[in-house]
Amino acid sequence: MIVYKGAAFHPRLLVKIKGSVFPFSCLVALPAALLSILLKSIVTTLADDAGFTALGLNDPNTVLGVAWSSVSSLLGFLVVFRTSQAYARFWEGTSAMYQMLGEWFDATSSLVAFCKRSKADKKDILV
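Conventions adopted
- Residues numbered from 1 in each chain as written.
- Predicted model: local features only at pLDDT ≥ 70, side-chain atom pairs only at ≥ 80, totals over all residues.
- Heavy atoms only, no water.
- Patch = residues over 30% accessible without salt bridge, like charges linked within 9 Å, V, L, I, M, F, W, Y side chains within 5 Å.
- Areas by Shrake-Rupley, 256 points an atom, 1.4 Å probe, with all protein chains shown as cover.
- Salt bridge = Lys/Arg side-chain N within 4 Å of Asp/Glu carboxyl O.
- Helix = DSSP H or I, 4+ residues; strand = E, 2+ residues; numbered from the N terminus.
- Buried < 20%, exposed > 50% of the residue type's maximum accessible area, 1.4 Å probe, protein only.
- Phe/Tyr/Trp six-rings, centres within 6.5 Å; stacked < 30°, edge-to-face > 60°.

(A) View of a nonpolar patch on the surface. Together, Met97, Tyr98, Met100, Leu101 and Trp104 line one region of the surface with nonpolar side chains, adding up to about 620 Å² of accessible area. With respect to the element layout, tryptophan 104 can be found in helix α3 (residues 60–116). Overall, tryptophan 104 belongs to the exposed group, its relative accessible area being 58%.

Right, dumping it as structure tokens:
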């Protein structure tokens, strides 16, 4: 557990290595940012040269449109998949909870029925 000294917020808390999410997020985000900068520079360089048309692409906007639609499709699929998994887990947990509630109800009602019709002394039943 991280123990913070004082109740005041200080910007140094954001860049702490221990207990912070920023080092991991930078580890994930920096390669993606560098790759996007590299791809943008390649597209910009090829758009001015004849090499861009040699690839069979007449317009750099075509490349960006295709890239945008494919990333959007993939992202949409992932969001729908994760949402359906979460929904299924929620209903599985809810069903298990109601099943457990029914089991506890059955056990309690059996206990009450057995104790009510018992021929033993009330003192022995309550203990």
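(B) Quick peek at the packing of aromatic side chains. All chains considered together, the criterion is met by three aromatic pairs. Each ring, one from tyrosine 87 and one from tryptophan 91, has its centre 6.2 Å from the other, and the planes form 80°; the classification is edge-to-face. Pair noted here: tyrosine 87 and tryptophan 91 are both in helix α3, with a separation of four residues, about one helical turn. For tryptophan 91, a relative accessible area of 43% gives the class partly exposed. Taking 5.1 Å as the distance between ring centres and 70° as the angle between the ring planes, the aromatic pair formed by phenylalanine 90 and tryptophan 91 counts as edge-to-face. Given a relative accessible area of 48%, phenylalanine 90 falls into the partly exposed group.

Honestly, it's all geometry; don't read function into it.
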